[in-house]
Amino acid sequence: MKIPITKAIFDHEEKENILKPLESGWVVQGPFVAEFEKLFSTFTKSPYSLATSNCTTALHLGLIAMGIGENDKVIVPSFTYIASANAVEYTGASVLFCDIDLATFNIDVSHLEQLLKAHQDVKAIMPVHLFGLCADMPAIMDLAKRYNVKVIEDAACAFDSWINHSHAGTFGDCGCFSFHPRKAITTGEGGMLITNQENIHHAVSQLRDHGASKSDLARHQEKGGSLLPQFNMRGYNYRMTDIQGAVGVSQMKKANNIMEGRKQIARQYDQALQQFNEFITPKVPDGYIHGYQSYVCLFTNGEDISTLTIEKIDAINCKRNEFMQRLEQRGIATRQGTHAVHTLNYYKDRYHIQPSDYLMSYAADRLSLTLPVYATMTKQEFDYVIENIREALGQSEKQVA
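Structure report, in brief. Just so it is clear, the model here is predicted, and its values are computed rather than measured. Residue indices follow the written sequence of each chain, beginning from 1 at its first position. Whole-chain, interface and lining totals are the exception, using all residues; otherwise, since this is a predicted model, local features are given only for residues with pLDDT of at least 70 and side-chain atom pairs are given and counted only at 80 or more. For the side-chain quantities, the full set of heavy atoms in the structure was used; hydrogens and water were omitted.

A word on the side chain of H290
Applied cut-off: Runs of H or I in DSSP of at least four residues are treated as helices and runs of E of at least two as strands, each being numbered from the N terminus. To sort residues, take the accessible area from a 1.4 Å probe on protein chains only and compare it with the maximum for the residue type: under 20% means buried, over 50% means exposed, and anything in between is partly exposed. Polar contacts, as used here, are pairs of N or O atoms within 3.5 Å; protein pairs need one atom able to donate a hydrogen and one able to accept it. Residues neighboring in sequence count only if both atoms are side-chain atoms. Throughout, a residue-residue contact means that at least one pair of heavy atoms, one from each residue, lies within 4.5 Å.
Among the structural elements, H290 can be located in the loop between strand 13 (288–289) and strand 14 (295–299). The class for H290 is buried, based on a relative accessible area of 7%. A polar contact is formed between the side chain of H290 and the backbone oxygen of G132, at a distance of 3.5 Å. At 2.9 Å, the side chain of H290 and the backbone nitrogen of Y292 are in polar contact. The contacts of H290, once residues within four sequence positions are left out, are F131, G132, L133, D160, K263 and V284.

Description of the packing of helix 10 (residues 255–272) against helix 14 (residues 379–392)
What counts is decided by this rule: Axis angles are defined between N-to-C directions and span 0 to 180 degrees, where every axis is a line fitted to C-alpha atoms and, for a helix, only to the segment in contact. Comment on the angle field: the value is read as roughly parallel under 35 degrees, roughly antiparallel over 145, roughly perpendicular from 65 to 115, and oblique elsewhere. Helix crossings are classified by the rotation of the near helix relative to the far one: an anticlockwise turn of less than a right angle makes the crossing left-handed, while a clockwise turn makes it right-handed. Gly is placed with the polar residues, together with every amino acid not listed as nonpolar (Ala, Val, Leu, Ile, Met, Phe, Trp, Tyr, Cys and Pro) or charged (Asp, Glu, Lys and Arg).
Axis separation between helix 10 and helix 14 bottoms out at 12 Å; the angle between their running directions is 30 degrees. Taken together, the axes of helix 10 and helix 14 are roughly parallel relative to one another. Considering the relative orientation of helix 10 and helix 14, their crossing is right-handed. Contacts from I265, Q268, Y269 and A272 of helix 10 reach helix 14 at F382, V385 and I386. Taken together, the residues of the contact of helix 10 with helix 14 sort by class into 6 nonpolar, 1 polar and no charged.

Examining the packing of aromatic side chains
Rules: Each Phe, Tyr or Trp ring, with Trp reduced to its six-membered ring, pairs with another whose centre is within 6.5 Å; inter-plane angles below 30 degrees give stacked pairs, above 60 give edge-to-face pairs, and intermediate values give tilted ones.
Within the structure shown, the criterion is met by 23 aromatic pairs. Geometrically, the ring pair formed by F105 and F131 is edge-to-face, given 5.4 Å between the ring centres and 85 degrees between the ring planes. Of this pair, F105 sits in the loop between strand 4 (100–101) and strand 5 (106–107) while F131 sits in the loop between strand 6 (122–125) and helix 6 (137–147); the two residues are 26 residues apart in sequence, bridging distant segments of the chain. The burial state of F105 is the same as that of F131; both residues are buried. Consider the rings of Y292 and Y295, whose centres lie 6.1 Å apart with planes at 20 degrees: the pair is stacked. Judged on exposure class, the residue Y292 and its partner Y295 are both buried.

A closer look at helix 2 (residues 31–44)
Rule in force here: A helix is expected to span 1.5 Å for every residue after the first.
For helix 2, spanning 14 residues, the distance from its first C-alpha to its last is 20 Å, which sits close to the expected 20 Å at 1.5 Å a residue. Within helix 2, the full set of buried residues consists of F32, V33, F36, E37, F40, S41, F43 and T44. Directly beyond the C-terminal end of helix 2, a positive phi value near 60 degrees is found at K45.

Side note on a nonpolar patch on the surface
The condition is simple: Think of a patch as exposed residues, more than 30% relative accessible area, with no salt bridge, where like charges cluster within 9 Å and nonpolar side chains (Val, Leu, Ile, Met, Phe, Trp, Tyr) cluster within 5 Å. Only the protein chains shown count as cover for residues, and all accessible areas are computed by the Shrake-Rupley method using a 1.4 Å probe. Every case where a carboxyl oxygen of Asp or Glu lies within 4 Å of a side-chain nitrogen of Lys or Arg is listed as a salt bridge.
Taken together, L19, L22, V27 and V28 make up a surface patch of nonpolar side chains, about 310 Å² in accessible area. Mapped onto the elements, V28 comes out in the loop between helix 1 (12–24) and helix 2.

Details of the sheet that holds strand 14
Here is the rule: Any two strands with at least two DSSP bridges between them are considered paired.
Taken in spatial order, the 3 strands of this open sheet run 12-14-15, and their pairing is antiparallel. Two strands bound the open sheet, and with one partner strand each, they are strand 12 (279–280) and strand 15 (368–371). Relative to strand 14, strand 12 runs antiparallel, the two sharing 2 bridges. Residue pairing for strand 14: I280 is matched across the bridge by L298.

Notes on the pattern of salt bridges
Across all of its chains, the model carries 18 salt bridges by this definition. For E35, the salt bridge is made with K253, and the minimal N-O distance between the two is 3.8 Å. Here the residue E35 occupies a position in helix 2, and K253 occupies one in helix 9 (residues 242–253), the gap between them amounting to 218 residues. For E35, a relative accessible area of 32% corresponds to the partly exposed category.

Regarding the side chain of D242
Threshold: Charge convention: Lys and Arg are scored as positive, Asp and Glu as negative, and His as well as the terminal groups of each chain are ignored.
Note that D242 resides in helix 9. For the buried D242, which has no salt bridge, the nearest side chain bearing the opposite charge is R208, at an N-O separation of 9.6 Å. Within the structure, D242 has its side chain in polar contact with the backbone nitrogen of V33 (distance 3.0 Å). Ignoring anything within four residues of it in the chain, the contact list for D242 reads P21, W26, V27, V28, Q29, G30, P31, F32 and V33.

Points about the nonpolar core
The tendency in soluble globular proteins is for nonpolar side chains to be buried as a group. To keep it simple, the criterion reads: Here, nonpolar core refers to any group of buried Ala, Val, Leu, Ile, Met, Phe, Trp, Tyr and Cys residues whose side-chain atoms link them within 4.5 Å.
Formed by 46 residues in total, the largest nonpolar core has its most connected members in F40, I75 and L112. For this core, the leading source of residues is helix 2, giving 5 residues. Within the second largest apolar cluster, 45 residues are counted, among which are I100, Y295, L308 and M324.

Here we look at helix 7 (residues 198–207)
Going by this rule: What the arc describes is the spread of directions from the helix axis to the C-beta atoms.
Listed as buried for helix 7 are I200, A203, V204, Q206 and L207. Around the axis of helix 7, the buried residues are gathered within 165 degrees of arc, so they sit on the same side. Lining the buried residues of helix 7 we find strand 1 (48–52), helix 3 (55–65), strand 10 (174–178) and strand 11 (191–195).

Notes on the environment of V128
Structurally, V128 can be placed in the loop between strand 6 and helix 6. V128 gets classed as buried once you look at its relative accessible area, which sits at 4%. Considered as a pair, V128 and A375 are 247 residues apart in the sequence and their alpha carbons are 24 Å apart. Look past the residues within four positions of V128 in its chain and what remains in contact with it is P77, T80, S84, N106, A135 and D154.

Remarks on the packing of helix 11 (residues 310–329) against helix 14
Packing of helix 11 against helix 14 brings their axes to within 10 Å, and their N-to-C directions diverge by 130 degrees. On the basis of their axis angle, the class for helix 11 and helix 14 is oblique. Considering the relative orientation of helix 11 and helix 14, their crossing is right-handed. Listed contacts from helix 14 to F323, R326 and L327 of helix 11 are N388, I389 and A392. The residue makeup of the contact of helix 11 with helix 14, split by class, is 4 nonpolar, 1 polar and 1 charged.

Dropping the structure here:
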């Protein structure tokens, strides 16, 4: 049996919608993108949603719209996908890494405050809602207000992720989402920026479209559409196509079912993995709703990790990698959670960073383990994963009992 790390959920609705732009001839950013944006705003309870070519470009545009540029610093958690840091560097600003809370994989608020105290040139914070769990946004927003810095939420993984009744991406100045195939809903590639600030909405709507004062859709829907728009700023070609928008509309209409399916699989993992002392399962604080873009555990090999050193992390890492290889041999895909960006050559060399400088991020890189999760995962597939976890750990049901 082959179990992928995740699986996009498509049916006849996506196929039918994709044909409509092809038949109409409107394949660039157009009516389907506009409908997708409207549906996304309704779901996230955000006044403004703007579709982009991917989440990285959404982050880039959001930073520009917030005024981030050369000689500025933006705080980014070190344990995140490299795109978070890359988007900062695209603006000419510098990345200032922050360590994480290993229990949630999200930015460590106490370390964040230390950085804000020590660096007067910080202009923005980029909290990442990793794997579908919101960062501690109430505390982060309190710090942002006290130190007068902007907040751009990297919500790439955080569709249907909430703190109480507020969706990820709605706390800061703006939030950015991904629709890569690894995400809960997908348009193949694609991103979305949401904001409650009209000035950011206005700027990003132009920046994503070469700096045009009005979109092609708006121009063609009004009189005098034969004349090209004004270009009052330097922009980018970061638009989403209407073919992708058509897929996005279909995905949004089944989003609740997709998300409930993923959460149900996560609940099953929470229960099934209790029998093994090699894992720490995802923590969900009170009042938070986890979107489970990924189901990510810590692989501890049964060891106490209350105190960690580089040497201990590396020793457990060898065991984790062996375990992952055993599952791969059985047809079960796994992944590490994501990168400790400060250990990647470009950032390590650029900022002269050592692995131990952000020890919890290093631990998360070496010890995190992503297990397969998708809404249509069957009982047979789930049971196959758990049984092979048991075998890969060298345990029998009798030993567990």
